[in-house]
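Fold and contact review
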Amino acid sequence: MEKKHVKWMKMGVIAALLVSMLAACGTSADKGGQAAEGTGKDNNENKEITVLYLDEPFWKQQNEEFTAATGIKVKYETVPFMQLHDKVFVSFMANSSEYDVVHVRDDWATEFASKGFLEPLDSYITDDMKTRLNPQTMEAMSYQGKQYAIPRYVWLWQFYYNKTLIKDPPKTWDELITVAKEIKDDKVSPYAETWGGIVSYSSFIVHLRSNGGEFWDYENNRPTFNSPEGVAALQFMADMNLKHNIMSPLSKEFTSSGAMTEVLTQGAIAMNMNTPQTLPMANDEDKSKVVGQMDVALIPGGKLKTASYGETGGLAIPAASKNKEWAMEYIKFVTNADQQKKMSLANGKIPSDVEVVKDADLLAKYPHYALLPEQMQYPFGLFRHEDATKITDELSRNILAAVLGKVTPEQALQDAETKILAMIGQK
Amino acid sequence: MSVKYAKKTVQIMISIALMIFILFPMLWLLLSSFKLPLDLFSNPPELWPSKWTFKYYIQLLQEKSFTSAMLNSLIVSGFTTAISLSIGALGAYAFARFQFPRKNAFFLTVLASQMLPHMALLIPLFMIMKLTGLLYTHQGLILTYISFSLPYVVWMFRSFIIAIPYEIEEAAKLDGCSRMQVIRKIVLPLSMGGLVTTGIFVFMGAWNEFLFASAMTNMNVKTLSVRMAEFIGEDRIAYEIMFPAGIVGSLPVLLLVLFFQKYIVRGLTEGGVK
């Protein structure tokens, strides 16, 4: 018994010592950081900015290139993508000045800008930027007429189809039904969309745009999806599933384009709208059973020749940042044409620079880029609103009910509109 | 005899069915960790890999960010457990044995702190850690986790102490033991099973915690749960890495349970007076 006590006491002493050591390490590290920050303002060699984004090799390499070119050091913090928004949000709410550059997408830019968390960048924007960068991506990064972030890539949907099953890809949605019915392979679902969870609004927005409709009246802050074009779009989606029976039964389960790609690469889907990862994954022998079988086309159209959906990824400077000038230098560097090309070669992200998209090296590596200049001339942006998530969640639930035949398209859109108007305090 | 045999057979079959139900997800995780991505999404799903591969284990263990996240998790979970048990055991003893004004109200207050949704505490705690210079440090995360686990330890351990007959403690006092000696020589050894079981739950809670770890850690103190979430990328989920990471990440907890198995069994059976 006595020995046990001694052992416990020893363990306690060791634990206390280790805690003290840890505390000492933490304190010294903090002081080191403060010292570097303090001298950084006086000495150009010690300039440092903190950037928050993902743990992927290219972004780290890009930071090194920036430091080599400018002398400004980059403290790079990484975070899981699904936590990116929340991590930044918590930091903003605590009025923290720890980050100098943060990644935003269309709806986050609107949300953060509306709360005053971001620095307006209009005074930094050059004419060169205005001409080089796709106007839809610039629009995606703005709020109430002010620019709050600079776009660097687009994650755009294109139309992917199995060329061993389909000779000519459909040019219109009506043609898609005809083409789908000609596929006689029992193991292959002719077509799929992401309708699961709370993401069905993204497919709906493409059909709505194809019909010539729009999702939101930004000037009057009102939904416009409950229109003849919207009802027709949702009726078409429901018909694809219930009347024509061409949809993959997994459509109602897909909560992301990635999940759909995983089924597509098993050869179980003939056609879908999907993100730029689709073709590289489909042609990866480790991941795919349809190597060399997939091809790309413009997304089918209706009143509009085509329309799409895709997020713009951009860089913003928090209003609380103490290093705004250096942060802007960083943003200019990583959004320049050369860096956008390197980014795209490394990870397949579509450059926001309209000329870089046409680059010969990129076209050689990514055949699906050939159609991008035309696809990007048509609408593709995400819905932007301070309450975008709540609004699209509500709409998606109603859309899913309609495509499964639980309610009529008219009823689904009417219900969604009523609830969303109440949500934003309008009648 | 035959009825008894049939009963036994049914019992065994139910046990096997339960075991399969509990172990099958773990078996799936284990086998999937040796699969190529192509096999992971085969339709219909296949249990066995068509080709066994260790390359994702090798890739994972060569990743410095993963091994350092493992170490960070060990530090944070280890200290959280040790400190929570040390302080919590004494607190639990006080609530079990001492009589003081408003004891029940204090005890309810300790329990009530557990009723607050953790999400509501995220921003206040973030600000406190920032103000105290503990943000993005091991200590900050350890303190945060202790604040959550301490009420649990007090509540759990109090019930173990109450189960020990007070007469034993009185006998020890008559033999000349001080209060601390009673705790060390009588209470802790007799409730070791409970202490270890509670400790394992605290360790697991800290090991798996994600919300606060994702907000209050940076590159230097990133824990395993946050690192693992990074395999869910913007473009796709790297399942081929996530499965081996799931296996490697569950090893410490598994080893801990195996190492303290005899105490856990004791914890479930102790409490009787001889």
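Fair warning: this is a prediction, and the values are worked out from it, not measured in the lab. (Residues numbered from 1 in each chain as written. Chains lettered and ligands numbered in written order. Predicted model: local features only at pLDDT ≥ 70, side-chain atom pairs only at ≥ 80, totals over all residues.)

Here's the deal with the overall build of chain A
Counting secondary structure elements, chain A contains 17 helices and 14 strands. Across chain A, contacts joining residues at least 24 apart in sequence account for 71% of those joining residues at least 6 apart. (Helix = DSSP H or I, 4+ residues; strand = E, 2+ residues; numbered from the N terminus. Contact = placed C-beta atoms within 7 Å.)

Comments concerning the overall build of chain B
For chain B, the count of helices and strands is 14 helices and zero strands. Mapped from its N terminus to its C terminus, chain B presents α and β elements in the order α-α-α-α-α-α-α-α-α-α-α-α-α-α. For 274 residues, the compact-globule estimate of 2.2 N^0.38 gives 19 Å, and chain B exceeds it by more than 25% at 23 Å. If you line up chain B on its principal axes, its C-alpha atoms span 75 × 70 × 30 Å. Within chain B, buried positions represent 35% of all 274 residues. (Rg over C-alpha atoms; globule rule 2.2 N^0.38 Å. Buried ≥ 20, exposed ≤ 12 C-beta atoms within 10 Å, placed from the backbone.)

Side note on unusual backbone geometry
As a rule of thumb, non-glycine residues mostly have phi less than zero, and peptide bonds are mostly trans rather than cis. Residue and element names in this part refer to chain A. One non-glycine residue, Q144, lies in positive phi territory at about 50 degrees. Following the sequence through the fold, Q144 ends up in the loop between β4 (142-143) and β5 (146-147). You will see that N221, though not glycine, has its phi angle at about 50 degrees, which is positive. Within the fold, N221 resides in the loop between β9 (216-217) and β10 (222-223).

What to know about the domain arrangement of chain A
Residues and elements named next belong to chain A. For chain A, the assigned domains are domain 1 (45-155 + 311-375) and domain 2 (158-307 + 387-423). A C-alpha centroid distance of 28 Å is found between domain 1 and domain 2. Each side of the interface is counted separately: domain 1 has 10 residues, and domain 2 has 12 residues. Going through the elements one at a time, α4 (106-114) and α15 (372-375) are the ones with two or more residues in the side of domain 1 that touches domain 2. At three residues, α4 tops the list of elements feeding residues into the side of domain 1 that touches domain 2. (Domains from an automatic or database assignment.)

Observations regarding the interface of chain B and chain A
Contacts between chain B and chain A engage 35 residues on the former and 36 residues on the latter. Mapped onto the side of chain B that touches chain A, the elements with two or more residues apiece are α2 (37-40), α4 (64-97), α6 (118-131), α7 (138-162), α9 (179-190), α11 (211-216) and α12 (224-229) of chain B. Ranked by residue count, the leading element in the side of chain B that touches chain A is α6(B), at five residues.

Looking at the sheet that holds strand β8 (residues 189-192) of chain A
Residues and elements named next belong to chain A. Across the sheet, which stays open at both edges, the four strands sit in the order β8-β11-β7-β12 with mixed pairing between neighbours. Only two strands of the sheet have a single partner each, and these edge strands are β8 and β12 (294-297). Here the average twist between neighbouring strands, direction ignored, is 20 degrees. For β8 and strand β11 (residues 269-274), the ladder comprises three bridges, and the chain directions are parallel. (Pairing = 2+ DSSP bridges. Axes fitted to C-alpha atoms, helices over the stretch in contact; angles between N-to-C directions.)

Quick word on the nonpolar core
V101(A), A109(A), Y191(A), L234(A), A316(A), Y330(A) and I399(A) are the most contacted members of the largest nonpolar core, which totals 110 residues. For this core, the element with the most residues is helix α9 (residues 228-242) of chain A, which contributes seven residues. Here this core spans two domains, and each of domain 1 (45-155 + 311-375) and domain 2 (158-307 + 387-423) of chain A adds at least three residues to it. Among all residues touching I399(A), those that are not within four sequence positions of it are S200(A), Y201(A), F204(A), L234(A) and A412(A). Core analysis: the next-biggest nonpolar cluster, separate from the first, contains 44 residues, L141(B), L190(B), F203(B) and F212(B) among them. (Core = buried A, V, L, I, M, F, W, Y, C linked by C-beta atoms within 7 Å.)

Notes on helix α17 (residues 409-423) of chain A
All names here are of chain A. The end-to-end C-alpha distance of α17 is 21 Å, a good match for the 21 Å that 15 residues give at a rise of 1.5 Å each. Looking at α17, one finds that the buried residues are P409, A412, L413, A416, E417 and I420. For α17, the angular spread of the buried residues around the axis is 125 degrees, confining them to a single face. Summarising the contacts, the buried residues of α17 are in contact with β10, α9 and α16 (388-403). (Expected span 1.5 Å × (residues − 1). Arc of directions from axis to C-beta.)

Focus: the sheet that holds strand β3 (residues 101-105) of chain A
Residues and elements named next belong to chain A. The strand order β2-β1-β3-β13-β6-β14 describes an open sheet built from six strands, whose pairing is mixed. Because the sheet does not close on itself, it has two edges, and the strands there are β2 (73-78) and β14 (350-351). Looking at chain direction, strand β6 (residues 150-156) and β14 are connected through two bridges and run antiparallel. By the bridge assignment for β14, Y153 is matched with P351. In the packing of helix α2 (residues 57-70) onto the sheet, the strands contacted are β1 (48-53) and β2, and the crossing angle to β2 comes to about 165 degrees. Against the sheet, helix α12 (residues 324-334) makes contact with β1, β3, β6 and β13 (310-316), and its axis sits at roughly 55 degrees relative to β1, the strand it touches most.

Regarding the confidence of the model for chain A
Residues and elements named next belong to chain A. Looking at chain A, the pLDDT average stands at 90 and 89% of residues meet or exceed 70. By mean pLDDT, helix α1 (residues 2-40) is the weakest element of chain A at 45, and α9 is the strongest at 98. Predicted confidence for residues 19-42 stays below pLDDT 50, and this span has 14 contacts to residues more than four positions away or in other chains. (pLDDT = per-residue confidence, 0-100.)

A short note on α7(B)
Note: α-helices contain 3.6 residues per turn, so residues at a spacing of three or four share the same orientation. Residue and element names in this part refer to chain B. End to end, α7 covers 34 Å across 25 residues, agreeing with the expected 36 Å (1.5 Å per residue, within 8%). The axis of α7 is deflected most strongly, by about 35 degrees, at S149, and proline P151 appears within four residues downstream. Among the 25 residues that make up α7, 18 are buried, leaving the element largely enclosed by the rest of the structure. (Bend = angle between axes of the 7 residues up to and from the residue.)

Brief notes about the packing of α9(A) against α16(A)
Residues and elements named next belong to chain A. Running from amino to carboxyl end, α9 crosses α16 at an angle of 45 degrees, the nearest separation of the two axes being 8 Å. As the angle between them shows, α9 and α16 are arranged oblique. Packed against α9, whose contacting residues are L234, M237, A238 and N241, the element α16 presents I399, A402 and V403 at the interface. Along the lines of polarity and charge, the residues of the contact of α9 with α16 split into six nonpolar, one polar and no charged. (Parallel < 35°, antiparallel > 145°, perpendicular 65-115°, else oblique. Nonpolar A, V, L, I, M, F, W, Y, C, P; charged D, E, K, R; others polar.)

Some remarks on the environment of T255(A)
Examined against the element boundaries, T255(A) turns out to sit in the loop between α9 and α10 (257-264). If near-sequence neighbours (up to four positions away) are discounted, T255(A) is found in contact with T194(A), G196(A), G197(A) and V199(A).

Details of the pairing of β13(A)
Residues and elements named next belong to chain A. Counting buried positions along β13 yields seven of seven residues, so the element is predominantly enclosed. Burial along β13 is two-sided: the face carrying G310, T312, G314 and A316 and the face carrying E311, G313 and L315 are both buried. One ladder, built from four bridges, connects β3 with β13; its direction is antiparallel. If you follow H103 over to β13, its bridge partner there is L315.

As for the confidence of the model for chain B
Residues and elements named next belong to chain B. Mean pLDDT for chain B: 90, with 96% of residues reaching 70 or above. Mean pLDDT across the secondary structure elements of chain B bottoms out at helix α14 (residues 261-269), with 69, and peaks at α4, with 95. The complex model carries a pTM of 0.82, and its ipTM stands at 0.76.

Focus: the environment of F58(A)
All names here are of chain A. Within the secondary structure, F58 sits in helix α2. Sequence-wise, F58 and Q339 are 281 residues apart; in three dimensions their C-alpha atoms are separated by 10 Å. In this structure, F58 is in contact with M343, A346 and N347, ignoring residues within four places of it in sequence.

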